[in-house]
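Observations on the model geometry
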Amino acid sequence: MTPGQRLGAHLGIARLHLRARLAYRGDFLLRALGLLLQIYLLALVWRAVYPDSGSAAAHGGQQVALATQLAYVTYASVQNWLLNPAGMDPTPIPQRVREGSVAIDLARPVAFPTQMLSAQAGAVLAGAPFALLALPFAVLAGGAQAPASAGAALAYLLSMVPAVLNALLLAVVVSMVCFWTLEVVGVFIIFRVVGQFLSGALVPLWFMPSWLAELTRLLPFQTTTYTPVALYLGQVEGAGPVLAALAVSCGWTAALWLLMRLVWSRALHRVVVQGG
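All of the points below concern the structure found in this document. Please read all numbers here as calculations on a predicted model, not as lab measurements.

Here's the deal with helix H1 (residues 3-22)
End to end, H1 covers 29 Å across 20 residues, agreeing with the expected 28 Å (1.5 Å per residue, within 8%). Buried within H1 we find His10, Ile13, Ala14 and His17. Seen from one end, H1 has its buried residues packed into an arc of 95°, which puts them on one side. H1 presents Gly4, Leu16 and Arg19 as exposed residues on the side facing more than 90 degrees away from its buried surface. On its buried face, H1 sits against helix H6 (112-141).

A word on helix H9 (residues 185-198)
Compared with an ideal rise of 1.5 Å per residue, which puts 14 residues at 20 Å, H9 spans 20 Å between its outermost C-alpha atoms and is within 8% of the ideal. Buried within H9 we find Phe188, Phe191, Gly195 and Leu198. Projected down its long axis, H9 shows its buried positions confined to an angular sector of 110°, all on one face. Away from its buried face, by an angle of more than 90 degrees, H9 presents the exposed residues Ile190 and Val193. In this structure, the buried side of H9 is in contact with helix H7 (150-175) and helix H10 (210-217). At the C-terminal side of H9, Gly200 shows a positive phi close to 85°.

Focus on the pattern of salt bridges
Going through the model one piece at a time under the given rule, you end up with one salt bridge. The salt bridge partner of Glu214 is Arg217, with a shortest N-O separation of 3.4 Å. Of this pair, Glu214 and Arg217 both sit in helix H10, three residues apart, roughly one helical turn. The class for Glu214 is partly exposed, based on a relative accessible area of 49%.

Quick word on a nonpolar patch on the surface
A cluster of nonpolar side chains, Leu29, Leu133, Phe137 and Leu140, forms an exposed patch at the surface whose accessible area comes to about 440 Å². Mapped onto the secondary structure, Phe137 falls in helix H6. Given a relative accessible area of 48%, Phe137 falls into the partly exposed group.

Describing the packing of helix H2 (residues 25-49) against H6
At a minimum axis distance of 9 Å, the contact between H2 and H6 shows a crossing angle of 30°. Considering their axes alone, H2 and H6 lie roughly parallel with respect to each other. Judged by the sense of rotation from one axis to the other, the crossing of H2 with H6 is right-handed. Note on element contacts: H6 touches H2 through Ala126, Gly127, Phe130, Leu133, Ala134, Phe137, Ala138 and Ala141, opposite Arg25, Phe28, Leu29, Ala32, Leu35, Leu36, Ile39, Tyr40, Ala43 and Arg47. Taken together, the residues that form the contact of H2 with H6 break down as 15 nonpolar, one polar and two charged.

Structural notes on the nonpolar core
The biggest cluster of nonpolar side chains holds 41 residues, and the ones touching the most others in it are Ile39, Tyr72, Trp81, Trp206 and Leu233. Those elements that place two or more of their residues in this core are H2, helix H3 (66-83), H6, H10, helix H11 (226-232) and helix H12 (239-267). For Leu233, the residues in contact, after removing those within four places along its chain, are Thr68, Ala71, Tyr72, Tyr75, Gln145 and Ala148.

Regarding the environment of Asp52
Assignment of secondary structure puts Asp52 in the loop between H2 and strand E1 (55-57). By relative accessible area, Asp52 is classed as exposed at 85%. A sequence separation of 106 residues divides Asp52 from Leu158, and the C-alpha atoms of the two residues are 36 Å apart.

A few points about the environment of Arg19
The topology assignment puts Arg19 in helix H1. With relative accessibility at 62%, the residue Arg19 sits in the exposed group. Arg19 sits 241 residues away from Met260 along the chain, and the two C-alpha atoms are 26 Å apart.

Cut-offs used in this document
Residues numbered from 1 in each chain as written. Predicted model: local features only at pLDDT ≥ 70, side-chain atom pairs only at ≥ 80, totals over all residues. Heavy atoms only, no water. Helix = DSSP H or I, 4+ residues; strand = E, 2+ residues; numbered from the N terminus. Expected span 1.5 Å × (residues − 1). Buried < 20%, exposed > 50% of the residue type's maximum accessible area, 1.4 Å probe, protein only. Arc of directions from axis to C-beta. Contact = heavy atoms within 4.5 Å. Salt bridge = Lys/Arg side-chain N within 4 Å of Asp/Glu carboxyl O. Patch = residues over 30% accessible without salt bridge, like charges linked within 9 Å, V, L, I, M, F, W, Y side chains within 5 Å. Areas by Shrake-Rupley, 256 points an atom, 1.4 Å probe, with all protein chains shown as cover. Axes fitted to C-alpha atoms, helices over the stretch in contact; angles between N-to-C directions. Parallel < 35°, antiparallel > 145°, perpendicular 65-115°, else oblique. Left-handed = near helix turned anticlockwise from the far one by under 90°. Nonpolar A, V, L, I, M, F, W, Y, C, P; charged D, E, K, R; others polar. Core = buried A, V, L, I, M, F, W, Y, C linked by side-chain atoms within 4.5 Å.

Set out below in structure tokens:
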């Protein structure tokens, strides 16, 4: 296949899964209500625990205002909700293994891992209109702030490229466990809980214990949520730290791509079709 044909194939797969997701609009609306409830409860907690002065000391002595923390809660929750579509399976891979349709996927001229990346991208895009619809209500439940500066806005936009890719790659890598276990519900629940916490969707890294914050910075989860939102709010300042944060995010994109290729090279020899 030519590069143009491959691109067309991947776009077609993304559109197919986007339409399949949009067939269940009621599910998206209920999930959006759950998102708003989460933001509201997190905002209540942070308002209750914050000092009366209205600011709290983060790592390095930096002061974080309550308004900034509430804006972080809002943006981080919405972004994490968008990049991690709900469902018992993180991607279509487990279902296709159960149904036996993975055999058809393997016969296609497009590589299976990139097919699943495109499918997951379609699922994420399907949630975008609902995230935009929920955002004004999320701001009311939590809070909002404009970008700290024009540079912060640019850094945020740049960081969103590896953030989206890393979220997609993590989901595909975790889903490939089904080639060994046949079921990934338990694994996916652990992935959801651990991923949501380590991504900074619940607690920003600047309020985590020092040892945990340093450990989290070494993992890919924080590149999907914490890094973009912290850049947007100006909590990562200076050309050096900003470039370092972007480099870490892009480095994890390359590492996760290689990890996906490695896992797939092993999984290909363990394909078991349950259905079909």
